[in-house]
Structure formats: C-alpha cells, structure tokens
Amino acid sequence: MNKAIFILGILFAVQACTDNQVKEVHPGIYILDNKQAIQTFDDLSLSMEGKPFFLDRWASWCSPCIEEFGHVEPLHAFLKDHQINMVYLNSDGDLEKEAWIDFIVEHKLKGYHLRLDSTLQADMSKRLIFIPIIPQYLIVGKDGEILEKDAMRPSAGEELYKQLRESLKLQVH
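Cut-offs and rules
Starting afresh in each chain, residues are numbered from 1 along the sequence in its written order. Restriction of local features to residues with pLDDT of at least 70 applies here, the model being predicted, together with a cutoff of 80 or more for giving and counting side-chain atom pairs; totals for whole chains, interfaces and linings are based on all residues. Processing note: side-chain calculations cover all non-hydrogen atoms of the structure and skip hydrogens and water entirely. We treat two strands as partners when DSSP finds at least two bridges between them. Helix numbering and strand numbering both begin at the N terminus, where a helix is a DSSP run of H or I of at least 4 residues and a strand a DSSP run of E of at least 2. To obtain each axis, a line is fitted to C-alpha atoms, and for helices this fit is confined to the stretch in contact; angles are then taken between N-to-C directions over 0 to 180 degrees. In this description, contact between two residues means that some pair of their heavy atoms is separated by no more than 4.5 Å. What counts as a ring pair is set by centres within 6.5 Å for rings of Phe, Tyr and Trp (its six-membered ring), and what kind of pair is set by the plane angle: stacked under 30 degrees, edge-to-face over 60, tilted for all other angles. With a 1.4 Å probe rolled over the protein chains alone, any residue whose accessible area is under 20% of its type maximum counts as buried; one over 50% counts as exposed, and the rest are partly exposed.

Taken in spatial order, the seven strands line up as β1-β2-β5-β4-β3-β6-β7 in an open sheet, and their pairing is mixed. Because the sheet does not close on itself, it has two edges, and the strands there are β1 (23-26) and β7 (146-148). Averaged over all adjacent pairs, the angle separating strand axes in this sheet is 35°, with direction ignored. Both strand β3 (residues 53-58) and strand β4 (residues 85-90) contribute to a ladder of six bridges, which runs parallel. Looking across to β4, one finds that Arg 57 is bridged to Leu 89. Running at roughly 135° to β4, helix α4 (residues 72-81) makes contact with β3 and β4 of the sheet.

Applying the stated criterion across every chain yields a total of eight aromatic pairs. A centroid spacing of 6.2 Å and a plane angle of 70° characterise the contact between Phe 69 and Phe 103, whose relative ring orientation is edge-to-face. Pair noted here: Phe 69 is in helix α3 (residues 63-69) and Phe 103 is in helix α5 (residues 97-106), with a separation of 34 residues, a long-range link. Exposure remark for Phe 103: the relative accessible area of 12% places this residue in the buried category.

As structure tokens, then:
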C-alpha cells in the first residue's frame, strides 16, 4: 500500500513538472505560456528561473522590427556566451498562433516567446515599462529588476553588448 502511494506521488509530481514546462516548437524556440498564462511582468521574470534576459517586443507588421531580426545571430551568440535569456514579446493582436510560430521559425528567433495580451500590457503600463512604439528592448536582471527600459537595438552590435555588460555587471569575454 505504501509503495503504491509513493508511486502515485511520483507520478503526480512528474505530471506537475511537465505541465509547467515551456514547449519547444522548433530547435531553440520555446513558447513560454503554453500551459500557464503569464499575466504580469513578475510572472515573466519568474519563468526565466533566475537568469537575466533581453526582451524584444515586436510585431509581424513592424518593418523596423523585421530589419532588426537580421542582426539576431550575433546577439544570440553573445547572450548564450553570457548566460542571458532572449525573450521575444509579440504585440500582434490578431495573428493566428500557427502563423506566429511560422514567422518566428522563418526569422530564426531563437529564445523564449510570449504573446502580449491586455493583462500583461496593463501590468507593464502600470510599471511604466510599456511604450506604445515598437520595437522595444529591455534589459532585465536575474532578480527581475528592469535595468534598462530603453535598451539599444540588436543592430547597434558592440554598443548593445557593452550596454548589456554594464547593466548586468558582466565580465568582458
């Protein structure tokens, strides 16, 4: 009897862990709120499990956003080398989920992905970190503190990497 209860406990624990995991939809591309909605910026920070992150808020119709995607490969390499997560926050209101994922894969946007809904937008507005203009970039510390709410664009290259190093107090590699 005790063995059966023990096994059931393990099965429930495994299921609980599985339900809260992010979903990898393509190599290196993860959907954050696949099982549980991220409703606040704190929820988003907690989902990063104590790692700093660089946030890119974008939309599929935004030409400057798409232009910046041409600079993501060196950015991804820098972030990986410094153990910084990449988070893409999509601001399309009416883009179907399949089209959203296809767009992400087509543009090689490796990292964590989330769609901005009205609840998260309201929370970000209340915190004075939401601006109505995109693209928007943020640097967030491992504790969820917003270190830069107007970070440089990926096209800034070394200037952005310097800003990340200084904001996150990183060692130069």
